[in-house]
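# Summary of the model geometry
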2 protein chains.
Amino acid sequence: MLETAFPDRAGALPRAPIQFYFDFSSPYSYIASEWVEAVAARHGRRVQWHAILLGAAFQAAELKPPVAYPIKREYVLRDFERSARFAGLPYRQPDEFPIPTQNAARVFWWLQAQDPARAVAWARAGLRAYFTRGVPLNDAAQLKQLALESGLDAEAAEAAWNDPQWKARLKAANDAAIAAGVFGAPFFIVDGEPFWGNDRQQQIERWLGSGPFKGMV
Amino acid sequence: MLETAFPDRAGALPRAPIQFYFDFSSPYSYIASEWVEAVAARHGRRVQWHAILLGAAFQAAELKPPVAYPIKREYVLRDFERSARFAGLPYRQPDEFPIPTQNAARVFWWLQAQDPARAVAWARAGLRAYFTRGVPLNDAAQLKQLALESGLDAEAAEAAWNDPQWKARLKAANDAAIAAGVFGAPFFIVDGEPFWGNDRQQQIERWLGSGPFKGMV
């Protein structure tokens, strides 16, 4: 890539990829997954995608999902759909929500070991299927069907999500995310700087474009 | 005001003010307090400010502040300061944080009953004092000093925050906010639509400018 010919502010070559952590059951991750590559590309960066289980990150941080609190739940269900519309994306709140997503995430890591681009394509396919068509990614038969539609070998995908190797790989990804300070999704790390939430897009853009914001104090 | 000559989308005349809920101890409320009037003015709206106690809203929604969770705390302390810089505002994390803010809030409601503009000026003075100079608004002597600096009768301000009338007024404001669905701060209600968080500024701007976003589903 051309931009690797230029040193970044720290003088490192090439510029570090954006670390992007998502959960297949996170609406704000779905929204972010639709812009993160474009934002990165505008600034000569790549994106390293990490499928994680948000439940594990919540547990480590002693947090609960926003929909666990009735009053907040009502708001965020409205905000999921509104934020998607704001971003120009289709959205349909899945009937079953949230769902366990370990199988979809293990397929991600299985693909990632072969070809990161295919893993990213799978991530997008899974997020779109769940959040625009309500495909329950926790249903084995429907997840296999989605794998098939995505050009994968469905039997091999199922074998992967039942394989201790890919279970362990997802566990390692969760542990690494937690160790990096991830406590929600989407979560981004840009040159060591953590950004939590789809609504940090503008800050990420400016950080990528001109570095840390100047202080006024 | 000129814009009141035109009906809004609902045909109502004049356009409803933006409801803006804040707590004197909320960093994101401080940031929002610095842009909410300008955003409203661009769209021919006024702002109705509501000083509330976030603790009461959290309790009603069974929530805790983000700094109550150690891992999240580390992130949000960084994000407070970064988000202020992003907005071009000075910020200094107060040593004591969060603090009880009922006295500052009662002074707000006492002023509001006399002249809403003076209440808004007090809100800004309090938020700026706490978040840029670390003035502990929970310290009676320093709060009186701030009242004096703000052109108020400091003794009368102290009498107000000890007066059952203004205690009751704040309680009523909290109850009304909770009844309106407020569970965090800053919180905005625009023509019945709730927006939570300083980071909903863009959505609020678009909503004010062109109404509800069009769906794509």
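Just so it is clear, the model here is predicted, and its values are computed rather than measured.

### A closer look at the sheet that holds strand S1 (residues 18-22) of chain A
Residue and element names in this part refer to chain A. An order of S2-S1-S3-S4 is seen for the four strands of this open sheet, with the pairing classed as mixed. Since the sheet does not close on itself, it has two edges, and those belong to strand S2 (47-51) and strand S4 (193-196), each with one partner. Each strand of the sheet is rotated relative to its neighbour by a mean of 20 degrees, with strand direction disregarded.

### Examining the interface of chain A and chain B
Each side of the interface is counted separately: chain A has 39 residues, and chain B has 39 residues. Both faces combined, the contact of chain A with chain B buries some 3900 Å², and carbon together with sulfur accounts for 59% of it. For the chain A face of the interface with chain B, the top three residues by lost area are Tyr 75, Arg 85 and Phe 86 of chain A, together amounting to 19%. Between Asp 79 of chain A and Arg 200 of chain B there is a salt bridge; the shortest N-O distance is 2.6 Å. For the pair chain A and chain B, the number of links is 20 residue pairs in polar contact (both at pLDDT 80 or more). For the side of chain A that touches chain B, the secondary structure elements donating two or more residues are helix H3 (54-61), helix H4 (70-86), S4 and helix H10 (201-210) of chain A. Sort the elements by how many residues they give to the side of chain A that touches chain B and H4 of chain A lands first, with nine residues.

### Focus on the pairing of S4 of chain A
Residues and elements named next belong to chain A. Both strand S3 (residues 187-190) and S4 contribute to a ladder of four bridges, which runs antiparallel. Across the sheet, Ile 189 pairs through a bridge with Pro 194, a residue of S4. In this structure, the hairpin formed by S3 and S4 is closed by a connection of two residues, where Asp 191 is found at a positive phi of approximately 50 degrees.

### Some thoughts on the environment of Val 182 of chain B
All names here are of chain B. Here Val 182 shows up in the loop between helix H9 (164-179) and strand S3 (187-190). Along the backbone, Val 182 and Lys 72 are 110 residues apart, and their C-alpha atoms lie at a distance of 21 Å. With residues up to four places along the chain from it excluded, the contact list for Val 182 reads Tyr 21, Ile 52, Ala 57, Ala 177 and Phe 187.

### Here we look at the relation of the copies chain A and chain B
With an RMSD of 0.0 Å, the operation that places chain A on chain B is a rotation of 180 degrees combined with a shift of 0.0 Å along the axis. Both copies of the chain, as the preceding transformation shows, are related through a two-fold rotation axis. When C-alpha distances to the rotation axis are compared across chain A, the minimum falls at Asp 199 of chain A, with a value of 3.1 Å. Most of the interface of chain A is mirrored in chain B: 100% of its interface residues are interface residues there too.

### Digging into the sheet that holds strand S1 (residues 18-22) of chain B
Overall, mixed pairing links the four strands, which are arranged S2-S1-S3-S4 (chain B) in an open sheet. Each edge of the open sheet is held by one strand with a lone partner, namely strand S2 (47-51) and strand S4 (193-196) of chain B. Direction aside, neighbouring strands of the sheet carry axes that sit 20 degrees apart on average. Docked against the sheet, H4 of chain A engages S3 and S4 of chain B, running at close to 95 degrees with respect to S4 of chain B.

### Some thoughts on unusual backbone geometry
In this structure, the amide linkage connecting Phe 97 of chain A to the following residue, Pro 98 of chain A, adopts the cis form with an omega of -15 degrees. Its location among the elements puts Pro 98 of chain A in the loop between H4 and helix H5 (102-114). Located in the positive-phi region is Glu 62 of chain A, a residue other than glycine, with phi close to 60 degrees. With respect to the secondary-structure elements, Glu 62 of chain A resides in the loop between H3 and H4. The phi angle at Asp 191 of chain B is positive, at roughly 50 degrees, despite the residue not being glycine. By the element assignment, Asp 191 of chain B lies in the loop between S3 and S4. Judged by relative accessible area, Asp 191 of chain B falls into the partly exposed class, the value being 35%.

So, how was this worked out
- Residues numbered from 1 in each chain as written.
- Chains lettered and ligands numbered in written order.
- Predicted model: local features only at pLDDT ≥ 70, side-chain atom pairs only at ≥ 80, totals over all residues.
- Heavy atoms only, no water.
- Pairing = 2+ DSSP bridges.
- Helix = DSSP H or I, 4+ residues; strand = E, 2+ residues; numbered from the N terminus.
- Axes fitted to C-alpha atoms, helices over the stretch in contact; angles between N-to-C directions.
- Contact = heavy atoms within 4.5 Å.
- Buried area = accessible area lost by both parts, 1.4 Å probe.
- Salt bridge = Lys/Arg side-chain N within 4 Å of Asp/Glu carboxyl O.
- Polar contact = N/O pair within 3.5 Å; in protein donor to acceptor, adjacent residues only side chain to side chain.
- Least-squares fit on C-alpha atoms with pLDDT ≥ 70 in both.
- Buried < 20%, exposed > 50% of the residue type's maximum accessible area, 1.4 Å probe, protein only.

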